[in-house]
Structure formats: C-alpha cells, structure tokens
Amino acid sequence: MNFYVLTLFPDMITQGMNTSITGRAIAKGVLNLEAINIRDFAYNKHQKVDDYPYGGGAGMLMQAEPVYLSYESIVKRVGKRPRVVYLTPQGRVFNQKMAREMALEEEIVFLCGHYEGIDERVLEEIVTDYVSIGDYVLTGGELPAMVMMDSISRMVPGVLNNQESGETESFAGNLLEYPQYSRPEEWHGKKVPEVLLSGHHENVAKWRREQAIVRTLKNRPDLLKEADLTNKEWNFIRQLKKQWKEEQEEAL
Ligand code: ADE
C-alpha cells in the first residue's frame, strides 16, 4: 500500500505514522508513506498558499494551484490518477467497511485542508472521495488522514502479525469487543469472571459472545441491525431488553 499525504504539516504525518504498528509496517516495506508539503509547490515570493475568499467571510482559503501541482507531482510518478480522499466534515462518515474496501487500493492520496478549506475548483478536478471521521470539526485534515491510514493499514496483509490479526475479527460481525482481563485474578476487590478461569473453551466462547451482544445493545444498539446473529441470540436480546425495562420500572 502506498499512502501519499498532501499537507502543510508533513512532520505531523511522518512522526505520527512512523510509530508503533504502522511504523513497523513502514520499516518492513509493507506500507509506503510519503508526506508531501503543498508549500513546496507555491511558486511565489513568500511561498504563500492561502488567500481571502471571494465574497468575504472569515478566514483564509487554500489556493487551488499549489494543491493541484502537488497532486500532479504524484500522478506523474505513479503514472495514473489515484484515488484522492479529501478530509472534510462534509464527507461520508468513515467506517470499518470503507477501511476494508480502501485497503484493496494500490495507492491512496489524502488531501488535508487547513484554514477555512480549499478552493472548490481544485477539489472538483482531483478529489474522488469526500470523507469525514465524525460529526465534529477539527483544525485540519491531518489527524483524520492518520485515523484513516491507521485503520486501512490494519486491513493490509502483512501489517498485523498473526496474534494481532486474530483480534481484528471482533468488529466484523458488527458487534463490540467483549471485556478482557489479565493478571492478577483479583484487583481492587474485583474478581475476574469465573468462566474465564475454567479452561472450558466452549463456555468461554459462549460467555464472550454474550458479553459482546450485551455491550453492543447497551452502547451501540444501532449496530445490531447489521449484526450476524442467530435466532437464539435475537431472543436473548429481547429477553435482556425486557429485563432492563423491568429493572428501570422497579427503580422508579
Ligand atoms: N476536517 C475537519 N474536521 C474534520 C472531520 N471531522 N473529519 C474529516 N476531516 C475534517
């Protein structure tokens, strides 16, 4: 996977991505990352990349030409027009399915805006995907680009080792992770659930599956619509809902 990031803050990208699992993958050559400074493509006296918006309004806009030239420098090198993701709160909200799908690309360009945004005309010419990482506003596209690269990388073969890959399946069925415990057996008076100490793999798996369902129902019930559940598990959910409703009524 080849990631290209068009940014005014290339150090932010390289420092973040050269750490931990993505850093290891870059060192191994499974991932390639290039952070390209848009300012290097501003051919004016002060390497200015921004200007006032026509029609007035607060703040400055990134100008079209340096963004376009930085993009063209990639096109020239890779010999095709790669997918270009523009990070913006106005985009489609990123999720695991998009991460899985984007992991199949050979190269992805991330375009990071700053100030009040980027001149619309260059976006129209080069952007293939408008993506948001959630309904809140950040100061720039660098953190969202890193969030996306991190989760896409996990789906690229060779980035995670076998042990790490095993953990990736938890979101696949649209359920949240079950709770996990390590030593000691008792901490602050809290004991590790008995079943996890039993060595009975079938019971452990059953307990974890139930816990995943309980957590998803409590914290993210919207995910259940697309979850892979058996009829028996749907009954379990109905039973839980009924039980919680009764407990609420008793508490009143
Ligand atoms: N730029 C600023 N806020 C953003 C967000 N929530 N997602 C993607 N890009 C952004």
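Structure shown above.
The following paragraphs examine the structure supplied in this document.

Conventions used here
- Residues numbered from 1 in each chain as written.
- Predicted model: local features only at pLDDT ≥ 70, side-chain atom pairs only at ≥ 80, totals over all residues.
- Heavy atoms only, no water.
- Core = buried A, V, L, I, M, F, W, Y, C linked by side-chain atoms within 4.5 Å.
- Buried < 20%, exposed > 50% of the residue type's maximum accessible area, 1.4 Å probe, protein only.
- Helix = DSSP H or I, 4+ residues; strand = E, 2+ residues; numbered from the N terminus.
- Contact = heavy atoms within 4.5 Å.
- Pairing = 2+ DSSP bridges.
- Axes fitted to C-alpha atoms, helices over the stretch in contact; angles between N-to-C directions.
- Phe/Tyr/Trp six-rings, centres within 6.5 Å; stacked < 30°, edge-to-face > 60°.
- Patch = residues over 30% accessible without salt bridge, like charges linked within 9 Å, V, L, I, M, F, W, Y side chains within 5 Å.
- Areas by Shrake-Rupley, 256 points an atom, 1.4 Å probe, with all protein chains shown as cover.
- Salt bridge = Lys/Arg side-chain N within 4 Å of Asp/Glu carboxyl O.
- Lys, Arg positive; Asp, Glu negative; His and termini not counted.
- Charge placed at Lys NZ, Arg CZ, Asp CG, Glu CD.

## Notes on the nonpolar core
Of all hydrophobic cores here, the largest spans 28 residues; its most connected members are Phe-3, Phe-110, Met-148, Met-149 and Ile-152. With five residues, helix α6 (residues 142-154) is the largest single contributor of residues to this core. Sequence-distant contacts of Phe-3, defined by excluding residues within four places in its chain, comprise Leu-31, Asn-32, Leu-33, Glu-34, Ile-108, Phe-110, Met-149, Ile-152 and Ser-153. Counting residues in hydrophobic clusters, the runner-up holds 23 residues, among them Ile-38, Val-49, Val-109 and Leu-123.

## Remarks on the sheet that holds strand β1 (residues 2-7)
Judged by pairing direction, the sheet is parallel, and its five strands sit side by side in the order β2-β1-β6-β5-β7 without closing on themselves. Both outer strands of the open sheet, β2 (32-37) and β7 (129-132), are each paired with one neighbouring strand and no more. When strand polarity is set aside, the average angle formed by the axes of neighbouring strands in this sheet is 30°. Where strand β5 (residues 83-93) meets β7, five bridges bridge the pair, whose relative direction is parallel.

## Regarding the packing of aromatic side chains
Under the criterion given, the structure shown has three aromatic pairs. Geometrically, the ring pair formed by Phe-3 and Phe-110 is tilted, given 5.8 Å between the ring centres and 55° between the ring planes. A residue pair is termed long-range when its members are at least 10 positions apart, and Phe-3 in strand β1 and Phe-110 in strand β6 (residues 107-111) qualify at 107 residues. Like Phe-3, the residue Phe-110 is buried in the burial classification.

## Observations concerning a negative patch on the surface
On the surface, Glu-246, Glu-247, Glu-249 and Glu-250 cluster together into a patch of negative charge. Of note, Glu-247 is situated in helix α9 (residues 231-251). Using a relative accessible area of 43% as the deciding quantity, one classes Glu-247 as partly exposed.

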